Amino acid sequence: SEMLVLDGAFAGCDTLENITINENNSCFVFEDDVLYYVNENLGEKSIYCFLASSDKKIFTVPEDITEINDYAFYNCKNLEEIVINIERLNFAYGGLKVQKLSMDEAFTIGEGAFKGCENLRRADLTSVYVIEESAFEDCANLKNVTFNCNGCRFGARAFANTGFENIVIKGYFIELGKEMFADCLNLKSVEFKENVEEIPADIVANCPSLERVFVSR
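Residues numbered from 1 in each chain as written. Predicted model: local features only at pLDDT ≥ 70, side-chain atom pairs only at ≥ 80, totals over all residues. Heavy atoms only, no water.

S.K.: Lay out the overall build of the chain with the relevant residues and their values.
M.R.: Of regular secondary structure, the chain possesses 0 helices and 16 strands. When contacts within the chain are restricted to residue pairs at least 6 apart in sequence, those whose partners lie at least 24 apart make up 34%. Just so you have it, the chain exposes about 11,500 Å², and 43% of that area is on carbon and sulfur atoms. (Helix = DSSP H or I, 4+ residues; strand = E, 2+ residues; numbered from the N terminus. Contact = heavy atoms within 4.5 Å. Areas by Shrake-Rupley, 256 points an atom, 1.4 Å probe, with all protein chains shown as cover.)

Here it is in structure tokens:
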């Protein structure tokens, strides 16, 4: 029978340097400090764990990845840049490739996926449509983030306690998360463009440097 390994199973294992996979196990692949989960029947491949002990500073997500699991990059203090730029994701169901994705099939960054990555400075998220709760929380030096601003869903505290200084929210968002930018100590200005329909509770709570909030509607 197949072993069940839950998301976040290796979170906090800061000195773990290697994971050995039995050659008969077709579900997990470990290479270049990354543990991948593969479901060949559904044509899916996800990043399960990026070793916190890795000395890599830049990581580009492979184009065949369909999901980043919860806490996959938890506490990776050496990581400075993550690039996710996948123009089109293909999902295979019984040989049928679906190229136009619904929101349920969108590329997802799981809960707490990059939480605590203190040296992460840049994130290209142009191909991401779902960012779960606390995905980038406590990334204190994260300042430069590129979003896909249409049809996105953000979980609560997705970017809480990051290094953002100026934020512009625009496009047709499905959902902005509660306390999404809370505890951003260097945040000075936030601008909500005309297409933003709802601003959730405490979205910029406890931001002591905040000087300007502009709502265009």
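S.K.: I'd love a proper account of the sheet that holds strand S12 (residues 144-147), names of residues and values included.
M.R.: What holds strands together in a sheet is hydrogen bonding between their backbones, with the strands either parallel or antiparallel. One open sheet holds the 4 strands; their spatial order is S4-S6-S10-S12, and the pairing between them is parallel. Across the chains shown, the open sheet's two edge strands, defined by having one partner strand only, are strand S4 (58-60) and S12. The average angle at which neighbouring strand axes cross in this sheet is 5°, direction not considered. (Pairing = 2+ DSSP bridges. Axes fitted to C-alpha atoms, helices over the stretch in contact; angles between N-to-C directions.)

S.K.: Quick rundown of empty space enclosed by the protein? Include the residues and the values.
M.R.: Considering all chains together, one arrives at 2 cavities of 30 Å³ or more under this definition. Residue lining of the largest cavity: Phe 10, Ala 11, Gly 12, Cys 13, Asp 14, Cys 49, Phe 50, Leu 51, Ala 52, Tyr 71, Ala 72 and Tyr 74, and that is the complete set. Residues belonging to the lining of the largest cavity are distributed by class as follows: 10 nonpolar, 1 polar and 1 charged. Its boundaries defined by the atoms lining it, the second largest cavity holds a volume of some 40 Å³. Contributing to the lining of the second largest cavity are Gly 8, Ala 9, Phe 10, Ala 11, Tyr 48, Cys 49 and Tyr 71. In terms of residue class, the lining of the second largest cavity is made up of 6 nonpolar, 1 polar and no charged. (1 Å grid on protein atoms, 1.4 Å probe; cavity = no way out; pocket = protein on both sides within 12 Å on 5 of 7 lines; lining within 4 Å. Points joined across faces, edges and corners; volume = space filled by probe spheres on them. Nonpolar A, V, L, I, M, F, W, Y, C, P; charged D, E, K, R; others polar.)

S.K.: Could you give an account of the pairing of strand S1 (residues 28-31), with specific residues and numbers?
M.R.: Where S1 lies against strand S2 (residues 34-39), 4 bridges are found, and the strand directions are antiparallel. Paired with Glu 31 across the two strands is Val 34, which belongs to S2. Between S1 and the antiparallel strand that follows it, S2, lie 2 residues; Asp 32 among them carries a positive phi value of about 50°.

S.K.: Any chance you could break down the sheet that holds strand S3 (residues 44-50) for me, citing the residues and the numbers?
M.R.: With mixed pairing, the 7 strands of this open sheet are ordered in space as S1-S2-S3-S5-S9-S11-S13. Strands with a single pairing partner mark the edges of an open sheet, and in this sheet they are S1 and strand S13 (153-154).

S.K.: Outline the nonpolar core, listing residues and values.
M.R.: With 46 residues, the main nonpolar core has Phe 73, Phe 114, Phe 136 and Phe 159 as its most contacted residues. Put simply, the parts of the chain that give this core at least two residues each are S2, S3, strand S10 (122-125), S12, strand S14 (166-169) and strand S15 (189-192). Other than its neighbours up to four places away in sequence, Phe 136 contacts Ile 109, Phe 114, Leu 120, Ala 123, Leu 125, Ile 131, Leu 142, Ala 158, Phe 159, Ala 160 and Thr 162. Counting residues in hydrophobic clusters, the runner-up holds 7 residues, among them Phe 28, Leu 35, Tyr 48 and Leu 51. (Core = buried A, V, L, I, M, F, W, Y, C linked by side-chain atoms within 4.5 Å. Buried < 20%, exposed > 50% of the residue type's maximum accessible area, 1.4 Å probe, protein only.)

S.K.: Describe the side chain of Lys 45, listing the residues and the values that go with them.
M.R.: On the secondary structure map, Lys 45 appears in strand S3. Overall, the relative accessible area of 17% leaves Lys 45 in the buried class. Among the polar contacts made by the side chain of Lys 45, one reaches the side chain of Asp 64 at a distance of 3.4 Å. (Polar contact = N/O pair within 3.5 Å; in protein donor to acceptor, adjacent residues only side chain to side chain.)

S.K.: Explain the pairing of S3 to me, using residue names and the numbers behind them.
M.R.: For S3, the tally of buried residues reaches 6 of 7 residues, placing the bulk of the element in the interior. As paired strands, S2 and S3 are joined by 6 bridges and run antiparallel to one another. By the bridge assignment for S3, Val 34 is matched with Phe 50. Joining the antiparallel neighbours S2 and S3 is a turn of 4 residues, in which Gly 43 adopts a positive phi near 70°. When S3 meets strand S5 (residues 67-68), the two strands line up parallel, connected through 2 bridges. The residue bridging Ile 47 from the neighbouring strand is Ile 68, located in S5.

S.K.: Describe a nonpolar patch on the surface, with residues and values.
M.R.: On the surface, a nonpolar cluster with roughly 230 Å² of combined accessible area is contributed by Ile 199, Val 213 and Val 215. Among the secondary structure elements, Ile 199 is positioned in the loop between S15 and strand S16 (212-215). Overall, the relative accessible area of 39% leaves Ile 199 in the partly exposed class. (Patch = residues over 30% accessible without salt bridge, like charges linked within 9 Å, V, L, I, M, F, W, Y side chains within 5 Å. Salt bridge = Lys/Arg side-chain N within 4 Å of Asp/Glu carboxyl O.)

S.K.: Tell me about the environment of Asn 119, and name the residues and values.
M.R.: Considering the arrangement of structural elements, one finds Asn 119 in the loop between strand S9 (108-109) and S10. Once the C-alpha coordinates of Asn 119 and Asn 78 are considered, the two residues, 41 residues apart in sequence, prove to be 6.0 Å apart. In this view, Asn 119 contacts Lys 77, Asn 78, Leu 79, Glu 80 and Asn 141; residues no more than four positions away in its chain are not counted. Looking at Asn 119, its side chain comes within polar contact range of the main-chain oxygen of Lys 77, at 2.4 Å.

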